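Reading the structure
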Amino acid sequence: MRSAVDRIFDLLEAIATRPAGAALNELAVAAQLAKPTAHRLLADLIARGLVRQDGPNGDYSLTLEIALLGFRHLAGTGFLDICQPELDRLAGKAGELIRLSWLDGERLAIVAESQGAKPGLRFDANLGRPVVLHSMAVGKAYLASLTDADALARVRAQGLLGAAGGGSTPIRTEADLLAELDRVRRCGFALAYNEADPGTGAVAVPITAADGGAFLGAIAVVVPTARWTREALAGLVPDLREAARDIAGKAVVAPYCRKGAQVLRRPANSKGL
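Residues numbered from 1 in each chain as written. Predicted model: local features only at pLDDT ≥ 70, side-chain atom pairs only at ≥ 80, totals over all residues. Heavy atoms only, no water.

If you look the protein up in an unreviewed UniProt entry, it shows as IclR family transcriptional regulator from Prosthecodimorpha staleyi.

For the rest of this paragraph, the subject is the overall build of the protein. Each helix and strand counted, the protein has 10 helices and 9 strands in total. Counting only residues that meet the buried cut, the protein has 42% of its 273 residues in that class. Of the contacts formed within the protein by residues at least 6 apart in sequence, a portion of 55% connects residues at least 24 apart. (Helix = DSSP H or I, 4+ residues; strand = E, 2+ residues; numbered from the N terminus. Buried < 20%, exposed > 50% of the residue type's maximum accessible area, 1.4 Å probe, protein only. Contact = heavy atoms within 4.5 Å.)

What follows concerns the pattern of salt bridges. Scanning all chains against the criterion turns up 12 salt bridges. With its nearest N and O atoms 3.0 Å apart, the salt bridge here joins Lys 93 to Asp 239. Residue Lys 93 is found in helix α5 (residues 79–94), and its partner Asp 239 is found in helix α10 (residues 237–249); the two are separated by 146 residues along the sequence. In this structure Lys 93 comes out as exposed when scored by relative accessible area, which is 51%. For Glu 174, the salt bridge goes to Arg 156, with nearest N and O atoms at 2.8 Å. Taken together, the positions of Glu 174 in helix α8 (residues 174–187) and Arg 156 in helix α7 (residues 148–158) put the pair 18 residues apart, joining distant regions of the chain. Salt bridges sharing common partners tie together Lys 140, Glu 180, Arg 183 and Glu 195. (Salt bridge = Lys/Arg side-chain N within 4 Å of Asp/Glu carboxyl O.)

This part is about the sheet that holds strand β5 (residues 190–193). Spatially, 5 strands are ordered β4-β3-β7-β6-β5 in an open sheet, and the strand pairing comes out antiparallel. Two strands lie at the open edges of the sheet, namely β4 (107–115) and β5, each paired on one side alone. Strand-to-strand twist in this sheet, taken as the mean axis angle between neighbours without regard to direction, amounts to 25°. In this sheet, β4 lies alongside strand β3 (residues 97–104) in antiparallel orientation, the contact comprising 8 bridges. By the bridge assignment, Leu 103 is partnered in β4 with Leu 108. The strands that α10 touches are β3, β6 (200–208) and β7 (215–224); relative to β6, the one it contacts most, it runs at about 40°. (Pairing = 2+ DSSP bridges. Axes fitted to C-alpha atoms, helices over the stretch in contact; angles between N-to-C directions.)

Turning our attention to the packing of aromatic side chains. Per the stated rule, a full pass over the model turns up 1 aromatic pair. Here Tyr 142 and Phe 215 contribute two aromatic rings whose centre-to-centre distance is 5.2 Å and whose plane-to-plane angle is 35°, an arrangement assigned as tilted. With Tyr 142 in helix α6 (residues 137–143) and Phe 215 in strand β7, this residue pair connects regions lying 73 residues apart in the sequence. In this structure Tyr 142 comes out as buried when scored by relative accessible area, which is 2%. On the accessibility criterion, Phe 215 (11% relative accessible area) is buried. Arg 183 extends its terminal NZ or CZ atom over the ring of Phe 189, reaching a point 5.6 Å from the ring centre. (Phe/Tyr/Trp six-rings, centres within 6.5 Å; stacked < 30°, edge-to-face > 60°. Lys NZ or Arg CZ within 6 Å of the ring centre and 35° of its normal.)

This paragraph deals with the pairing of β3. A large share of β3 lies buried, amounting to 7 of its 8 residues. In this antiparallel pair of consecutive strands, β3 and β4, the connection spans 2 residues, and Gly 105 shows a positive phi of 70°.

Attention shifts here to the packing of α7 against α8. Axis separation between α7 and α8 bottoms out at 11 Å; the angle between their running directions is 125°. Here α8 runs oblique to α7, going by the angle between their axes. At the point where α7 passes α8, the crossing takes the right-handed sense. From α7, Asp 148, Ala 151, Leu 152, Val 155 and Arg 156 reach across to α8, where they touch Glu 174, Leu 177, Leu 178, Leu 181 and Arg 185. Tallied by class, residues from the contact of α7 with α8 come to 6 nonpolar, no polar and 4 charged. (Parallel < 35°, antiparallel > 145°, perpendicular 65-115°, else oblique. Left-handed = near helix turned anticlockwise from the far one by under 90°. Nonpolar A, V, L, I, M, F, W, Y, C, P; charged D, E, K, R; others polar.)

A few words on the nonpolar core. One broad trend across soluble globular proteins is that nonpolar side chains are buried collectively. Counting residues in each nonpolar core, the largest one holds 31 residues, and the members touching the most others are Leu 108, Val 131, Met 136, Val 138, Tyr 142, Leu 143 and Leu 177. Sorting the residues of this core by element identifies β3, β4, α6, α7, α8, β5, β6 and β7 as the ones contributing at least two each. Element by element, the count of residues in this core is highest for α6, at 5 residues. Other than its neighbours up to four places away in sequence, Leu 177 contacts His 134, Leu 143, Leu 152, Val 155 and Ile 171. (Core = buried A, V, L, I, M, F, W, Y, C linked by side-chain atoms within 4.5 Å.)

With respect to the helices and strands, Glu 86 occurs in helix α5. Not counting residues within four places of it along the chain, the set of residues in contact with Glu 86 comprises Ala 243, Asp 246 and Ile 247.

Moving on, we come to α7. Those residues of α7 lying buried are Ala 151, Leu 152, Arg 154 and Val 155. Seen along its axis, α7 keeps its buried residues to an arc of 160°; they face one direction. Of the exposed residues in α7, those oriented more than 90 degrees away from the buried face are Ala 149, Arg 156 and Ala 157. One or two positions beyond α7, positive phi appears at Gly 159, with a value near 70°. (Arc of directions from axis to C-beta.)

See below:
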């Protein structure tokens, strides 16, 4: 039996995946709730300012309150103060989108981005998108930090290996994934080219703690394949490694949750970046 918290978050996740809004019936089915239960929970969420409804019988959608709560938390930790200047510097140098992902427990989440590409053919910021571990460069960088058994367990739990959609050349088998992770471990960076999305390429390097080299997150350049080859992407690795060292070097690591996730905090003797 699901707890009240589980039901609320299942409902919030259903709304979050429907940014244009959704009707009560659709949300109840998506969250696996009885219609009266969904209606009652939605009324509570509206009262708390987390959800809005367009008229008495209109669709439901999220307000900005949850996003603002996350931003307030990140601001309080000093996370963006540490990361954003380096992301902006790298974006200006590469002239493309820079994406930072961070490990939260066993989940890798995109937490910050900087756009360096000019208007036209470019990828816009996409904070909050789930990381597809086997087909995104930051996901491969994370999996390569694990044992083969743990990497496969994470991918199996996500349930997306071999699924339809994505780009034209995704990894489709566990054997191919393990071969790719071996390559990532040997060369120290991860590439994804027409894998997660059509026409998208990315190169990522891990961010590791100085004391023991534990994986903390990954930084990536995301580009259109129309103007970047695999070889050109690999040429960005030295700049990415410099940025990764800079982010890790300007921070100390502190426990973030009981499962051992980490967050960057500004050092006590730091007066700014």
